[in-house]
Amino acid sequence: SALHSPVSPDQEYFKVYPNPAYEMVTIEIGMKLPARISLQMLDSDGKLIRTLADDLFPVGRHFFETTLNSVPSGTYLIRYEKSQKVLVRKVTIK
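Parameters at a glance
- Residues numbered from 1 in each chain as written.
- Predicted model: local features only at pLDDT ≥ 70, side-chain atom pairs only at ≥ 80, totals over all residues.
- Heavy atoms only, no water.
- Salt bridge = Lys/Arg side-chain N within 4 Å of Asp/Glu carboxyl O.
- Helix = DSSP H or I, 4+ residues; strand = E, 2+ residues; numbered from the N terminus.
- Buried < 20%, exposed > 50% of the residue type's maximum accessible area, 1.4 Å probe, protein only.
- Pairing = 2+ DSSP bridges.

K.L.:
Got a minute to help me understand the pattern of salt bridges in this structure?
P.N.:
When the charged atoms of two side chains with opposite charge come close together, those side chains can pair. Applying the stated criterion across every chain, the model contains 3 salt bridges. Taking the shortest distance from any N to any O, the salt bridge between K82 and E12 comes out at 2.4 Å. Pair noted here: K82 is in strand β7 (residues 74-82) and E12 is in the loop between β1 (2-5) and β2 (13-17), with a separation of 70 residues, a long-range link. Of the charged contacts in the structure, one is a salt bridge between R79 and E81, with a shortest N-O distance of 2.9 Å. Residue class for E81 comes out partly exposed when judged on its relative accessible area of 30%.

Pasting the structure below:
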């Protein structure tokens, strides 16, 4: 699920928490300009587990939550792509 706050952040950011995660993980993104973003959860081999977002988003703070009930324990990657820039964060699922 996704929530949005229209308040423009002071700077752009990309956070994943909690880490380690147990039942749910939240990805928080701050955007100063509207942009198409892609947000994916990958396993440690780079295989797609699920797509969390792939759409045009407005300025502001965006919160994406995903449940982890069907995800085995291990280390995963959250891949964030915006305007041909890719950022990756590791998250451990217990």
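K.L.:
Looking at this model, I keep getting lost on the pairing of strand β8 (residues 85-93). Mind explaining?
P.N.:
Remark: a regular strand shows side chains that alternate across the two faces of the sheet. The pairing of β7 with β8 spans 9 bridges and is antiparallel. The partner of L77 across the bridge, within β8, is K90. In this structure, the hairpin formed by β7 and β8 is closed by a connection of 2 residues, where S83 is found at a positive phi of approximately 50 degrees.

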